[in-house]
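In case you want the letters, here they are:
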Amino acid sequence: MSTESLIALFHHRWAPPALALLDEREGARFVELQRKLDVGRESLRRALDALIELGYVRRNPGYGHPLRPEYVITAAGRGSAEVARRASRATTRETLLRKWSVPVLAELGAGRRFSELRAALPGVTPRALALALRDLEEARLVHRDVLPTRPPSTLYRASRRGAAILGGEDDLDARTWA
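Residues numbered from 1 in each chain as written. Predicted model: local features only at pLDDT ≥ 70, side-chain atom pairs only at ≥ 80, totals over all residues. Heavy atoms only, no water.

1. Description of the packing of helix α2 (residues 15-25) against helix α5 (residues 75-89)
Inclusion rule: For helices, the axis comes from a line fit to the C-alpha atoms of the stretch in contact; other axes are also lines fit to C-alpha atoms, and the angle between any two N-to-C directions lies between 0 and 180 degrees. Put simply, DSSP marks the helices as runs of H or I at least four residues long and the strands as runs of E at least two long, and each gets a number from the N terminus on. Crossings are assigned a handedness: left-handed for a near helix turned anticlockwise from the far helix by less than a right angle, right-handed for a clockwise turn. Note on contacts: a residue pair qualifies if any of its non-hydrogen atoms lie within 4.5 Å across the two residues. Only Asp, Glu, Lys and Arg are considered charged in this grouping, and only Ala, Val, Leu, Ile, Met, Phe, Trp, Tyr, Cys and Pro are considered nonpolar; every other residue, Gly among them, is considered polar.
In the contact formed by α2 and α5, the axes pass within 8 Å of each other and the chain directions differ by 115 degrees. Between α2 and α5 the crossing geometry is left-handed. Between α2 and α5, the residues in contact are P16, P17, L19, A20, D23 and E24 and G77, R78, S80, A81, A84, R85, S88 and R89, respectively. Taken together, the residues that form the contact of α2 with α5 break down as six nonpolar, three polar and five charged.

Here it is, written out as structure tokens:
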């Protein structure tokens, strides 16, 4: 998934869990999503509208009642659902569902400095990036290395646990990785 796609998907806090649930259930009514996710109507409506705009979800045209809409996942949404599922089910869910957490993890790769990350993430403010890196480090998803250069420089890289969110390892249990 591209960085821009991740930024768009994680822009709304409830979009990834809704996408993961729609993928799991092959579609669901609005009320079912609201109850299962335990989210307010307006927050879920905004998240679903964003997913429709991205082309990941569509309203089910064969479902009759307009006041009880049903949503189904599209082919494009299936491609993004895996990352959404991993972030929604991880033990560090609250950190990962914040706007910049997953896009920052995606950009870390082998390791980057703060200024390189800021340049790679369009729209991120220095404060938002600093907060995301701090939260990811506290959740043990990112390692911060201060290099002994003059002046000192800092290198950020994803931990094995952080890379698993994007990369495909099945077990995201916190006890598995240091």
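2. Some points on helix α9 (residues 126-138)
Quick note on the threshold: Residue count minus one, scaled by 1.5 Å, sets the expected span of a helix. Exposure categories follow from relative accessible area, calculated using a 1.4 Å probe and restricted to protein chains: below 20% of the type maximum is buried, above 50% is exposed, and the middle band is partly exposed. Directions are taken from the helix axis to each C-beta atom, and the arc is the one they span.
With 13 residues, α9 extends 18 Å between its outermost C-alpha atoms, agreeing within 8% with the 18 Å of an ideal straight helix rising 1.5 Å per residue. Where α9 is concerned, the buried positions are L129, A132, L133, D135 and L136. For α9, the arc enclosing every buried residue in end-on projection is 165 degrees, short of the 170-degree limit, so these residues lie on one face. Those residues of α9 that are exposed and aimed more than 90 degrees away from the buried face are R127 and E138. Close packing links the buried residues of α9 with α6 (93-96), α7 (101-108), α8 (114-120), β4 (142-147) and β5 (153-158). Directly after α9, the chain includes R140, whose backbone phi takes a positive value near 60 degrees.

3. Details of the environment of W100
Secondary-structure assignment places W100 in the loop between α6 and α7. Separated by 93 residues in the primary sequence, W100 and I7 place their C-alpha atoms 7.0 Å from one another. The residues touching W100, leaving out its near neighbours within four places in the chain, are I7, L121, P122, G123, V124, A128 and A132.

4. Focus on the pairing of strand β3 (residues 70-73)
Inclusion rule: Any two strands with at least two DSSP bridges between them are considered paired.
The two faces of β3 match: E70 and V72 on one face and Y71 and I73 on the other face are all buried. Direction of pairing for strand β2 (residues 57-59) relative to β3: antiparallel, over a ladder of three bridges. Across the sheet, the residue bridging to V57 is I73, located in β3.

5. Considerations on the packing of aromatic side chains
So the rule is basically this: The aromatic pairing rule takes the rings of Phe, Tyr and Trp, using the six-membered ring of Trp, and pairs them if the centres are within 6.5 Å, calling planes under 30 degrees apart stacked, those over 60 edge-to-face and the rest tilted. In this scheme, the term charge over a ring applies when either NZ of a lysine or CZ of an arginine sits within 6 Å of the ring centre and within 35 degrees of the ring normal.
Throughout the structure, instances matching the rule amount to zero aromatic pairs. Over the aromatic face of W14 sits the side chain of R13, whose NZ or CZ is 4.1 Å from the ring centroid.

6. Thoughts on the nonpolar core
One recurring pattern in soluble globular proteins: nonpolar side chains tend to sit buried together. Counted only if it meets this: Grouping buried Ala, Val, Leu, Ile, Met, Phe, Trp, Tyr and Cys residues that are joined through side-chain atoms within 4.5 Å yields what is termed a nonpolar core.
Within the largest apolar cluster, 49 residues are counted, with the highest numbers of intra-cluster contacts made by L19, L48, L51, L96, V104 and L105. For this core, the leading source of residues is α2, giving six residues. Apart from the residues within four sequence positions on either side, V104 is in contact with L117, L121, L129, A132, L133 and L136.

7. Some remarks on the side chain of D23
Position of D23 among the secondary structure elements: in helix α2. Once you skip the residues sitting within four places of it in the chain, D23 turns out to touch I73, R78, A81 and R85.

8. Let's talk about the confidence of the model for the protein chain
Convention followed: Values of pLDDT, ranging from 0 to 100, describe the predictor's confidence in every residue of the model.
Taken as a whole, the protein chain shows an average pLDDT of 86; of its residues, 90% reach a score of 70 or greater. Confidence scores differ between elements of the protein chain, with helix α10 (residues 160-167) showing the lowest mean pLDDT of 85 and α9 the highest of 95. Under a pLDDT of 50 for its full length, residues 169-178 has, in the predicted model, 22 contacts with residues more than four places off or in other chains.

9. Observations regarding the sheet that holds β2
Read from one edge to the other, the open sheet built from three strands follows the order β1-β3-β2, with strand pairing classed as antiparallel. Looking at which strands have only one partner, the edges of the open sheet turn out to be β1 (28-29) and β2.

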